[in-house]
Amino acid sequence: MTENHLFAQFRAAIDRPDAVFIETENGARITYGDMLAESARIARALKGMGLMPGDRVAVQVEKSVAALMLYLGAVRAGAVFLPLNTGYTASEVGYFLQNAEPTLFVCDPAKQHDLAAVASTAGVPHLETLDAEGKGSLAERWSREPAEFDDVPRGPEDLAAILYTSGTTGLSKGAMLSHDNLASNAHTLRRAWRFTADDVLIHALPIFHTHGLFVATNITLIAGGSMIFLPKFDPDRVLSVMPRATAMMGVPTFYTRLLAHPGLTREAAGGMRLFVSGSAPLLAETHAQFRDRTGHAILERYGMTETNMNTSNPYDGDRRAGTVGFSLDDVALRIVDPESGQRLDTGEVGVIEVKGPNVFQGYWRMPEKTAAEFRPDGYFITGDLGAIDADGYVSIVGRAKDLIISGGFNVYPKEIEGEINRVAGVAESAVIGVPHPDFGEGVTAVIVRAPDHAVSDTEILAQLDGRLARFKQPKKVLFVDELPINAMGKVQKNVLRDRFWNTYAQ
Ligand code: AMP
C-alpha cells in the first residue's frame, strides 16, 4: 500500500493547480493548488501532535473553508475524521468524545470553556480551536508548517470517517466509513449526475453530515469542479450566486424556501443544469411547483449516513416525483418482509435492504448493533420502508420505526400526511402513533396551519373521511406553531411522540 486511497481519487484535479476549487460569497477564490498546500500544512500539524494512522480527529466547528480543509488534511494524515453537528450540547459532545476517544478535538473558540471540561473528562489529549473565519489555535499551528506532505498510505478498507447517526431512538451510533465507501460512491454519483470540471456547485449544506461533506464535496473533488461555498442556506444568497452556478444539492426545505421567494424564476435558474434533493422526502407538489416555475425537474435521490447514496432518479429520462429513482449502478437493493426476511413482490411495501461498496463497515464499538442490522448474506437493513414499482422506481414510505400499527393494521404516515396537506389551510403535517387504550397505537395528526387560516380539527377530519379508510383516519388532530425539524430538514417524529405520548392516556 503506497497511496492514500481516498485522497488519491482527487489527483486529477490536483494536477490542475490553478483551477478554482472554492469560491466564497464575496468572490475569494481557493484553487486546487491552495487546497493541496493548506491540507498539507494541516496534515503536518496533525502528525506533529503525535497523531497516528487510524486516530480520530473529532471536530465541532462552524462551517468554513478551513473546516473543509481540516477534513482533507485529516484524511491525508491517515486520521479518521469525525465531524459533529454544531447543535450538540456540551454533554452530548461529552458522550461522543468518551465513545470515540479521539486524539484531537477541535471546537469553536466561543464554546471552548464548556467543551474543555468534557474533553478533559473524556481524556482527550489535544484540544484546539477553529472559528467560522478559519482562525483559532489549530490554524495558528498549521500556518507555521511547510506546505508539503507525503500522504499517509491508507487502503480501501481503512477508515476515513466516523459519522454519528442522528440517534432518534436511543444513543447515537458511530457509522464507520472506509476510504472506499466514500471513494466508490463519489465516482458512481459523479458518473450518474455527469459532473465535470466545468461544474460550479452551490454548497449551502452543513458539512457535519454526509450530504454536504461527502456527496457535495467528494463529487466536486473527483470531477475537478468548483463550489460556491455559502455558510448556510439563505434564499437571497443562493439566488444571488445562481447565475454563476451550474448545480445545487439541497434538502427539501431549500426548495420550498426558494419557491417562497419571488426571485426564483426561469431566468434565475437558466444557467443551471441540475438540482438535486435528498436527506428527507421531497413532496410531489414541491417537485411540480419547481418545474412549473423554473423548467427544472428536481432530481431526488436517497441515502443515509451508513450507506452513502443508494438510489437516484435518472439524469436522462423520467424523474418521477414522489420516488427516489433506481438503485445506483453498484448498489444492490431489495425489499423484504421485516419479520421473515423474505423478498417481497413488485409494489409490496417492506424494509429496504442494500449491499455494495458504499455500505459502511459497522458501528464503532457496537458489534452487537452492527450484527443486528446486517443479514447473513451481507445486506444492510436500512430501517426504511419502501416499495419498487414495475418500472424499477423505488419509493420510500417512511422509517420502519415511524410505522403506526393501529387496531392491528399498518398505517404509513406519509400517505396520511399527503392527504392532510391537500386540505386548504394546512401548511405542514406530521402523523405519529402514540399509545391508545383501544387500538394499541392511535393515529395522531400534528398540524401547522397556513398563515391566516383557522381550519379546525373537525373540518380536517371531515375531508379525510371518504378519502382514507377509517383505520387510517387520525383519532385526534393537534395543532402546533411549527414542527421540530433538524438541520437536514427532517421532521423529528421522536420529539413529537415524546410530547404527545399521553394524548390518549386515561
Ligand atoms: P441520515 O443518515 O441523517 O442521512 O438520514 C438517512 C435517512 O433519511 C434515510 O434512512 C431516510 O429515512 C431519509 N431519507 C434520505 N433521503 C431521502 C429521500 N429522498 N426521501 C425520503 N427519505 C429520505
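Everything that follows concerns the structure shown earlier in this document.
The structure reproduced in this document is the subject of the present report. (Residues numbered from 1 in each chain as written. Predicted model: local features only at pLDDT ≥ 70, side-chain atom pairs only at ≥ 80, totals over all residues. Heavy atoms only, no water.)

### Observations regarding helix H14 (residues 413-421)
Part 1 of the argument: Burial in H14 covers these residues: Pro413, Ile416, Glu417, Glu419, Ile420 and Asn421.
Part 2 of the argument: If you follow the buried residues of H14, they end up packed against strand S20 (404-406), strand S21 (409-411), strand S22 (426-436), strand S23 (440-449), helix H15 (457-464) and helix H16 (493-499). (Buried < 20%, exposed > 50% of the residue type's maximum accessible area, 1.4 Å probe, protein only. Helix = DSSP H or I, 4+ residues; strand = E, 2+ residues; numbered from the N terminus. Contact = heavy atoms within 4.5 Å.)

### Observations concerning the environment of Phe500
Part 1 of the argument: Tracing the chain through its elements places Phe500 in the segment after H16.
Part 2 of the argument: The spatial distance from the C-alpha of Phe500 to the C-alpha of Ile396 is 25 Å, given a sequence separation of 104 residues.
Part 3 of the argument: If sequence neighbours within four positions are ignored, Phe500 has contacts with Ile432, Val434, Val446, Leu478 and Val480.

### Notes on unusual backbone geometry
Working note: non-glycine residues mostly have negative phi, and peptide bonds are mostly trans.
Part 1 of the argument: A positive phi is found at Ser279, a non-glycine position, where the angle reads about 85°.
Part 2 of the argument: Among the structural elements, Ser279 can be located in the loop between strand S12 (274-277) and helix H12 (284-294).
Part 3 of the argument: On the basis of relative accessibility, which here comes to 12%, the residue Ser279 falls in the buried class.
Part 4 of the argument: Backbone geometry at Asp452 places phi at a positive 65°, although glycine is not the residue there.
Part 5 of the argument: Among the structural elements, Asp452 can be located in the loop between S23 and H15.
Part 6 of the argument: A residue is classified by how much of its surface remains accessible, and Asp452, at 82% relative accessible area, is exposed.

### Some words on the nonpolar core
Part 1 of the argument: In this structure, Phe21, Tyr71, Trp193 and Met249 are the most contacted members of the largest nonpolar core, which totals 115 residues.
Part 2 of the argument: The element that contributes the greatest number of residues to this core is helix H4 (residues 65-76), accounting for ten residues.
Part 3 of the argument: Not counting residues within four places of it along the chain, the set of residues in contact with Trp193 comprises Val215, Ile219, Met249, Arg273, Leu274, Val276, Leu299, Arg301, Ser312 and Tyr315. (Core = buried A, V, L, I, M, F, W, Y, C linked by side-chain atoms within 4.5 Å.)

### Details of the packing of aromatic side chains
Part 1 of the argument: All told, the structure shown has 18 aromatic pairs when counted by the stated rule.
Part 2 of the argument: Centre to centre, the rings of Tyr71 and Phe81 are 5.5 Å apart; their planes meet at 50°, and the pair counts as tilted. Residue Tyr71 is found in helix H4, and its partner Phe81 is found in strand S4 (residues 80-83); the two are separated by ten residues along the sequence.
Part 3 of the argument: Tyr71 sits in the buried class, given a relative accessible area of 1%.
Part 4 of the argument: A relative accessible area of 2% means that Phe81 is categorised as buried.
Part 5 of the argument: Seen in terms of ring centroids, Tyr255 and Phe290 are 5.3 Å apart; in terms of plane orientation they differ by 90°. Their pairing is edge-to-face. Here Tyr255, found in helix H11 (residues 252-259), pairs with Phe290, found in helix H12; they are 35 residues apart in sequence, far enough to count as distant. The two residues Tyr255 and Phe290 agree in class, both being buried.
Part 6 of the argument: These aromatic residues form a ring-pair network of at least three members: Tyr88, Tyr95, Phe96 and Tyr164.
Part 7 of the argument: Between the NZ or CZ atom of Arg319 and the centre of the ring of Tyr315, over which it lies, the distance is 5.4 Å.
Part 8 of the argument: Over the face of the ring belonging to Phe479 we find Arg449, whose NZ or CZ atom lies 3.7 Å from the ring centre. (Phe/Tyr/Trp six-rings, centres within 6.5 Å; stacked < 30°, edge-to-face > 60°. Lys NZ or Arg CZ within 6 Å of the ring centre and 35° of its normal.)

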